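# Architecture at a glance
The chain contents come next:
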Amino acid sequence: MQVERDPSRVYLLKFREWVWESAQFLLALALGLLLPAAAVAQLPTHPIITEAFVNPDGNDGPIGIDPNVHQEFIEIYLPTAAALEVGLSADNLNLTLYDVEGDFESLRRGHVNWRIDLPTFDLDPSNGITQGAVARPSTGLVVLGWLDYLEPAIAGDPPIDLAGTPSTRIPLVNLESPVVGFTFIGINGNQFGGTTNFPTPLAISYLDLATHPYSGLFENGSGAMLLMNRDHPSYVELCSIEDPQVLALRCSSNADLANARLPIAPLLDAFAANDHPLFDPDLQPYRAPTGNFIDLESELQLGGLYTPFTPQVAEWGEGYSREFLDVQKTSEDAIAFNEDPANDSARYQGVDINGPFIPTPGTAITTTSPASLSVRVESLDVFEVLTGTTARPSPQSANIGGNFGMSFSTTSFEMLDAPNISVAGAASASRYKGQVLVYPEFKVSVSPTALPGETAIVATFVTATRTEVGDPPLDNAFGFGITTVRAVNPTTGQDAQGAPFQATSLIAVVGLSDDPLVANEFAASELGRYIASRAGRNVADSDGKLSILMNPSTDLSSAAVVDPLISSLPTLEAAYIEEAGPTGRESLVQTVATSAQVMSGSIAYSASFNAVGNRLKARRFTNNSVEGATRTSGKPSYSPSGEVNYFTSGGGMVEGTGFSKVTTSRDFEIAILDTNLEGALLESGSKDDFGIIVKVDSVFPGSPVVPGEFVFLSMMGGREGTDIDSLRVPPNDPTLLNVILIDLDPLDSVLGVEKVSDVYLVDANGESLVDPLEVLYLSVPEPSNRLAVATGLASLAGLADRRRRRGTQVSQNKRIAL
């Protein structure tokens, strides 16, 4: 049954009576009088944006690109006349697209980047096609894209014409004329001699011939895309901030959205891309500016114009696609005041140039479409694998069809053998429904003796099957990829310019799930058993909680038990810390302020300092053992037998790479326990962003660092000071407890650091959301050996060999450090 709506789509009413009606809605929920409806799978009753691909293959604009499926475009779905909601004209449907700037640092923030007035559409052929209108295509899909330009002789100059003649213009989305099934509209079709073989926009504000053919009309970065009914009485015509006609009488001035220049009533569909590193789709709507200057928050905040109706999507890939055409957003259903932009953001997915989610002009998937296998192209599949580990990488694949299940199996073999790399297939039989990434794994083992850069070429065959007999046959059931496996063994980090700097660390995480049959999941874990076997000898804590954490009766799933154990990072500036370094070396604050991560332009630690910049939002964890320090290398140390997930050089974890689901013969010297228990619920850990600093306790002769110096860790050869960006640990998301393991071996082999005494966790998102329970030191020397360790190591024969191994790297890093 079609739901009738007021022509204004009730948006103005919603905002005018927001507080009162919301209270009534919540009361009705409490009394059980109203239940929020789930998203219903039905085709839309109003035009929607189904895809926006923003970054063409080859360059960022249409000049000089051969016709290809990767060209920049926007796709819009037009409903049938029978389904069209009340208030929209089936015979004369006039639509306008706005793009509004959202980057906080942009002087254009909140202003219109461009406006496109689409041609009139006629959705009802039964009474003839309105003169000058474009008939609704059979699929309902309209694609806006570029026509091919003639490139000037000098790159960077304006193009000299459109290719072909007005009747033979070529679109840059690999389409042939006449187009079957959907309608192509040439964005630049009115330039030069125009085009006659494709419909064109009625007006554009603003197409700059000097720049847009090179930069692309749709630009990467934070911005909101709005689809509006320009025939609505409340519609306001705005011009681009760059348009020379902005002061003309026909065009209203381009005011900031915060000044309510664009009304809600004509809004048909919208979404926003947000590339700010602190943006979290799950925190929408931002009820007020957070103070962190997160892109779009001042334009789309609650109480502003578009918050409940413009879900923000984290920027990923080269564009955005509506997941399923026939699944409503909460802002599109008939229930007032259930608008949930966090929920609606999940209706979108990022698309990449080569897949498996690929730009698909003229295609929109429904939940009832057949399942279809897509395997990522070989050029993107280069898997780095640590020496001394066994990884389970996957040629990234997906079910790009509808919401029917799919299972996988793989067969892999080496096409180009490497003596220290071995490969085998690994079966996978999980159910994967539509529009989700899947990971058909193969198994690769890299010997500890493999040289960095040693490479194997691997062929992987992926076979998909439907999971239910009654499901429709798969559109595609077979995939093939050629992937590269490369051995890596990073030892140094990078400075801001990417040059080798100091030593790197290898950091991994193990997620412990909530086991209802076990009170203390940590004590029952492999690391817990390792600690129990060395209690009071080789393991030390910092905050004195080890005995509690090792007690089998300590219920780590109880907030009442866990909350008092959390060693929270400070939230008030009065609790921020600073410590002096050794003479001539940087203090704690200086170590962060001059780190490669900060000097590279990253804003990761921009909210980590107090107002005057002389104290740091961080917490110190000091080794409680008699020795007061832990070794950076050697035994004893913890080497897990189960799977771990290594962080990449960028501080994140990516499922399906050579660093996820890894078994290793390497060992770890420090463990950080981070709880995800927040009240009675488990959070994902996606905002537990932090950097790690260690304090040097003792060094070997020739080391470029000195006792007491602060070393800001990098990860996997990345930049010094890289922060851990995400703790969504596959496959157990969310986890009850994350065990973050730190391998400090390169500090020994490269920097000549013998032992470290303290660990500092530095807040990297300004919100102090990381919840550490303890920092555990896993390689503490025996107390009885302290004197021997302090006085006798210089004479050990193994020291000479160790110094030869680190050789020129120590000298090189000494020069860099000095």
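All values reported here derive from a predicted model rather than from experimental measurement.

Calculation rules
- Residue positions are counted from 1 within each chain, in the order its sequence is given.
- Thresholds applied to this predicted model are a pLDDT of at least 70 for local features of residues and 80 or more for the giving and counting of side-chain atom pairs; totals over whole chains, interfaces and linings are not thresholded and use all residues.
- Where side-chain values are given, they derive from all heavy atoms of the structure, hydrogens and water being excluded.
- Here a Phe, Tyr or Trp ring, Trp counted by its six-membered ring, pairs with any other such ring whose centre lies within 6.5 Å, and the pair is stacked when the planes are under 30 degrees apart, edge-to-face when over 60, and tilted otherwise.
- Helix numbering and strand numbering both begin at the N terminus, where a helix is a DSSP run of H or I of at least 4 residues and a strand a DSSP run of E of at least 2.
- When a carboxyl oxygen of Asp or Glu lies within 4 Å of a side-chain nitrogen of Lys or Arg, that pair is called a salt bridge.
- When a residue's accessible area, from a 1.4 Å probe over protein chains only, is under 20% of the maximum for its type it is buried; when over 50% it is exposed; and in between it is partly exposed.
- Paired strands, in this sense, are two strands between which DSSP finds at least two bridges.
- Here an axis means a line fitted to C-alpha atoms, over the contact stretch when the element is a helix, while the angle between two N-to-C directions is reported on a 0 to 180 degree scale.
- Any two residues whose heavy atoms approach within 4.5 Å are treated as being in contact.
- In protein, a polar contact requires one atom able to donate a hydrogen and another able to accept it; more generally it is a pair of N or O atoms within 3.5 Å, and residues adjacent in sequence count only if both atoms are side-chain atoms.
- Per-residue confidence from the predictor is reported as pLDDT, which spans 0 to 100.
- Using a grid of 1 Å spacing that covers the protein atoms alone, one calls a set of points a cavity when a 1.4 Å probe fits there but cannot get out, and a pocket when the set is open and has protein on both sides within 12 Å along at least five of seven lines; lining residues are those with an atom within 4 Å of a point.
- Grid points are joined across faces, edges and corners, and a volume is the space filled by probe spheres set on the points.
- Ten residues, namely Ala, Val, Leu, Ile, Met, Phe, Trp, Tyr, Cys and Pro, are considered nonpolar, four, namely Asp, Glu, Lys and Arg, are considered charged, and the remaining ones, Gly among them, are considered polar.
- Remark: nonpolar core denotes a set of buried residues (Ala, Val, Leu, Ile, Met, Phe, Trp, Tyr, Cys) joined through side-chain atoms within 4.5 Å.

### So, the packing of aromatic side chains
Throughout the structure, instances matching the rule amount to 15 aromatic pairs. Taken together, a centroid distance of 6.1 Å and an interplanar angle of 35° make the contact between F461 and F478 tilted. Of this pair, F461 sits in strand 25 (residues 455-466) while F478 sits in strand 26 (residues 478-488); the two residues are 17 residues apart in sequence, bridging distant segments of the chain. An angle of 50° between the planes, with centres 5.6 Å apart, marks the rings of Y605 and F712 as tilted. Pair noted here: Y605 is in the loop between helix 10 (596-599) and strand 30 (618-622) and F712 is in strand 38 (residues 710-712), with a separation of 107 residues, a long-range link.

### With respect to the pattern of salt bridges
According to the stated counting rule, one finds 18 salt bridges in the structure shown. In this structure, D269 and K329 form a salt bridge, with 2.7 Å as the shortest nitrogen-oxygen distance. Placement of D269 in strand 13 (residues 267-274) and of K329 in the loop between strand 15 (319-322) and helix 5 (341-345) is noted, with a sequence separation of 60 residues between them. The exposure class assigned to D269 is buried, which follows from its relative accessible area of 3%. Overall, the relative accessible area of 2% leaves K329 in the buried class. The partner of K755 in a salt bridge is E627, and the shortest N-O contact between them spans 2.5 Å. Of this pair, K755 sits in strand 40 (residues 753-763) while E627 sits in the loop between strand 30 and strand 31 (630-631); the two residues are 128 residues apart in sequence, bridging distant segments of the chain. Of the residues examined, E627 reaches a relative accessible area of 7% and is grouped as buried. One continuous salt-bridge network, built from bridges that share partners, spans D269, R322, K329 and E332.

### Details of the sheet that holds strand 1 (residues 48-53)
Sheet strands associate in pairs through backbone hydrogen bonding, adopting either a parallel or an antiparallel arrangement. One open sheet holds the six strands; their spatial order is 10-7-2-1-15-16, and the pairing between them is mixed. Each edge of the open sheet carries a strand with a single partner, namely strand 10 (183-186) and strand 16 (348-351). With direction set aside, neighbouring strand axes in the sheet form an average angle of 25°. Sheet topology note: the strand 15/strand 16 ladder contains four bridges and is antiparallel. Counted as the bridge partner of R322 is Y348 from strand 16.

### Focus: unusual backbone geometry
Look at the link from Q284 to P285: it is a cis peptide, with omega at -10°. Checked against the element boundaries, P285 lands in the loop between strand 13 and helix 4 (297-300). K635 connects to P636 through a cis peptide bond whose omega is -5°. Here P636 is to be found in the loop between strand 31 and strand 32 (645-646). Unlike most non-glycine residues, F192 shows phi in positive territory, near 50°. Relative to the elements of secondary structure, F192 occurs in the loop between strand 10 and strand 11 (203-205). Even without a glycine there, the phi angle at M716 is positive, about 55°. Tracing the chain through its elements places M716 in the loop between strand 38 and strand 39 (737-743). Judged by relative accessible area, which is 9%, M716 ranks as buried.

### Quick look at the environment of Q284
Examined against the element boundaries, Q284 turns out to sit in the loop between strand 13 and helix 4. For the pair Q284 and L300, spaced 16 residues apart in the sequence, the C-alpha separation amounts to 9.7 Å. Dropping the residues within four chain positions of it, Q284 is found in contact with F279, T310, P311, Q312, P341, A342 and S345. Polar contacts involving the side chain of Q284 include one to the main-chain amide nitrogen of Q312, which spans 2.6 Å.

### Digging into the environment of I566
By the element assignment, I566 lies in the loop between helix 8 (559-562) and helix 9 (588-593). When the C-alpha atoms of I566 and E774 are compared, they prove to be 7.8 Å apart, with 208 residues separating the residues in sequence. Excluding residues within four positions of it along the chain, I566 makes contact with K545, T675, D771, P772 and L773.

### A closer look at the sheet that holds strand 24 (residues 442-446)
Taken in spatial order, the four strands make up an open sheet running 22-24-19-33, and their pairing is antiparallel. The strands lining the two open edges of the sheet, one partner per strand, are strand 22 (421-425) and strand 33 (663-664). As paired strands, strand 19 (residues 389-391) and strand 33 are joined by two bridges and run antiparallel to one another. In the sheet register, T390 faces strand 33, and the bridge partner there is T663.

### A word on the side chain of T389
As for its position among the elements, T389 is in strand 19. Setting aside residues no more than four positions away along its own chain, T389 makes contact with V444, S445, V446, Y646, V662, T663, T664 and R666.

### Structural notes on the pairing of strand 12 (residues 223-229)
The buried count for strand 12 comes to seven of seven residues, which makes it a mostly enclosed element. Neither face of strand 12 is left uncovered, since the one carrying G223, M225, L227 and N229 and the one carrying A224, L226 and M228 both have all their residues buried. The pairing of strand 3 (residues 95-101) with strand 12 spans seven bridges and is antiparallel. Residue pairing for strand 12: E101 is matched across the bridge by G223. Pairing of strand 12 with strand 13 involves six bridges; the strand directions are antiparallel. From the neighbouring strand, G223 faces strand 13, where its bridge partner is A273.

### Some details on the confidence of the model for the protein chain
When pLDDT is averaged across the protein chain, the result is 82; 82% of the residues are at 70 or more. Counting contacts from residues 1-39, a segment whose pLDDT is below 50, to residues more than four positions away or on other chains yields 59 contacts. Confidence over residues 785-818 falls short of pLDDT 50; this stretch has 44 contacts with residues more than four positions distant or in other chains.

### Details of empty space enclosed by the protein
With the rule as written, the count across this model stands at three cavities of 30 Å³ or more. Residue lining of the largest cavity: 11 residues in total, with P44, T45, H46, Q328 and E332 positioned closest to the centre. Per-class residue counts for the lining of the largest cavity are four nonpolar, four polar and three charged.

### Brief notes about the nonpolar core
Across soluble globular proteins, nonpolar side chains have a tendency to be buried as a group. Formed by 54 residues in total, the largest nonpolar core has its most connected members in I74, L97, F121 and L144. With residues near it in sequence (within four places) discarded, L97 still touches I49, I74, I76, W114, R115, I116, L118, L144, M225, L226 and L227. Core analysis: the next-biggest nonpolar cluster, separate from the first, contains 49 residues, A418, V485, A487 and V662 among them.

### Quick look at the environment of A418
Relative to the helices and strands, A418 resides in the loop between strand 21 (406-416) and strand 22. The sequence separation of A418 and I457 amounts to 39 residues, and the corresponding C-alpha distance is 8.4 Å. In this view, A418 contacts E454, T455 and A456; residues no more than four positions away in its chain are not counted.

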